[in-house]
Amino acid sequence: MTDIEMPPGPTAARPHRRSGTTVTGRRPRARTRATAGTGRMAALLVSPTLLVLTIVVLYPTLMALRESLYGPKGLDPKTGFIRSTEPFVGLRNYADILGAAGDRFWNAFWNTTFFTVVTVGLETVIGVVMALIMHRAFSGRALVRASILVPWAVPTAISGLLWRWIFNSDGIANALIGRQILWTTEGFHAKVAVIVAEVWKTAPFIGLLVLAGLQVIPNEVYEAARIDGASALRRFWHITLPLVKPALLVAMLFRCMDALRMFDLPYILIGAQKNSVETLSMLAQNEASNVRFGPASAYAVLLFLYVFLIALAFVRLLGADLAGGTGAGRRKTKTRLVFARRTEVTA
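Residues numbered from 1 in each chain as written. Predicted model: local features only at pLDDT ≥ 70, side-chain atom pairs only at ≥ 80, totals over all residues. Heavy atoms only, no water.

Draft legend 1. Local environment of the side chain of Thr112. Locating Thr112 in the fold gives a position in helix α4 (residues 102–135). Thr112 gets classed as buried once you look at its relative accessible area, which sits at 1%. Apart from residues lying up to four places away in sequence, Thr112 is in contact with Ala259, Leu260, Thr279 and Leu280. (Helix = DSSP H or I, 4+ residues; strand = E, 2+ residues; numbered from the N terminus. Buried < 20%, exposed > 50% of the residue type's maximum accessible area, 1.4 Å probe, protein only. Contact = heavy atoms within 4.5 Å.)

Dropping the structure here:
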């Protein structure tokens with residue numbers, strides 16, 4: 001048998017292509033240009049936000065860090081006059097905070113932590129209850145929603161004045177309990193007054209965010225669970241709470257960051273330099289008002305680090321839930337929804 005040689009045709013001259021690349025491994029230039037154009041557009045859209053964050057967050061933080069390395073002007077021992085510039089003291093302000101002024105710092109630190117844990121915990125429970133009430137369909141629901149959201153709309157300074165009148169020695173609070181308690185003086189009762197006022201004002205914020213999460217849950221899921229014989233408590237625990245969890249965690253994160261910076265409410269309601277309610281923000285403001293800007297900046301930097309670490313830990317531990325659930329969380333939610341719909345169809 002004679003071998004027949006095929007003449008080289010146009011096919012043989014073409015380079016072999018696979019997955020959008022040539023035999024040399026180079027990708028088409030059009031795709032590279034498109035990717036570069038998308039990156040430039042993304043950078044252009046994000047640049048205003050980055051500029052605002054730089055002006056509002058980064059620059060003040062760097063200036064506070066720089067100022068914390070300087071001490072008060074004081075008297076110049078050589079001339080006997082007040083110095084024209086602040087002396088560089090390095091980390092002495094931080095050493096004084098943890099040393100000579102350690103008692104006051106740790107008192108403010110624990111007050112801040114206590115207020116954050118207690119108020120956010122109470123606000124979460126009360127906010128979820130508010131959201132469930134506002135989500136139900138009944139006559140006069142619009143009026144109830146408006147009345148619940150009114151405390152959150154009141155400015156904090158006005159809220160502090162209102163509660164100061166309530167907690168006066170001859171105020172409504174003492175009239176209701178039938179005892180004479182000096183709420184605005186030193187003691188644990190001052191903490192209680194701040195907690196009550198703070199929860200009253202900011203619980204509607206959590207309720208509003210949870211309400212937004214409740215409104216995206218399909219009614220078919222509840223109908224299927226009701227037909228399957230699930231009680232109201234089981235429906236809340238196995239359906240409502242898991243599906244509203246992302247919105248609830250975001251609300252708790254915002255409230256934690258806000259509560260750690262608490263200043264105006266205890267300052268107006270109880271007063272300044274009260275050991276029972278003094279927070280880190282109040283401590284920094286007190287140092288600045290006495291023209292000790294170096295120690296005040298050091299307190300502000302430590303507070304910034306505290307808030308940053310809490311927020312970072314919150315996002316690291318609950319990042320998937322904050323993003324709406326990923327991986328196993330999404331699979332569980334999808335399985336729950338599919339099972340509920342299959343139950344409804346079978347019924």
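Draft legend 2. Just the nonpolar core, in detail. Judged by nonpolar contacts, the single largest core of 36 residues is most densely connected at Phe167, Val194, Val210, Leu269 and Ile270. At the level of secondary structure, the elements contributing two or more residues to this core comprise α4, α8 (188–214), α9 (219–227), α10 (232–260) and α11 (264–269). Ranked by residue count, the leading element in this core is α8, at 12 residues. Not counting residues up to four positions away in its chain, the partners in contact with Ile270 are Arg164, Trp183, Thr184, Ala190, Ala193, Val194, Leu265 and Val277. Leu280, Ala298, Tyr299 and Val301 belong to the second-largest nonpolar core, a separate cluster that totals 15 residues. (Core = buried A, V, L, I, M, F, W, Y, C linked by side-chain atoms within 4.5 Å.)

Draft legend 3. Inspection of the pattern of salt bridges at higher detail. Using the criterion set out here, one finds 8 salt bridges in the structure. When salt bridges with common partners are traced through the structure, they connect Glu123, Glu198, Arg255, Asp258 and Arg261 into a single cluster. (Salt bridge = Lys/Arg side-chain N within 4 Å of Asp/Glu carboxyl O.)

Draft legend 4. Representation of unusual backbone geometry. With a phi close to 55°, Gln273 is a non-glycine residue in the positive phi region. Of note, Gln273 is situated in the loop between α11 and α12 (280–289). Exposure remark for Gln273: the relative accessible area of 52% places this residue in the exposed category. Phi is positive for Val291, which is not a glycine, with a value near 60°. Along the chain, Val291 turns up in the loop between α12 and α13 (293–322).

Draft legend 5. The packing of aromatic side chains, seen in detail. For the structure on display, the rule yields 15 aromatic pairs. Where Phe105 meets Tyr299, the ring centres are 6.2 Å apart and the plane angle is 25°; that geometry is what we call stacked. With Phe105 in helix α4 and Tyr299 in helix α13, the pair connects residues that are 194 residues apart, well separated along the chain. For the pair formed by Phe105 and Tyr299, the shared burial category is buried. Taken together through their ring pairs, the aromatic side chains of Phe105, Trp106, Phe109, Trp110, Tyr299 and Tyr306 make up a single cluster. (Phe/Tyr/Trp six-rings, centres within 6.5 Å; stacked < 30°, edge-to-face > 60°.)

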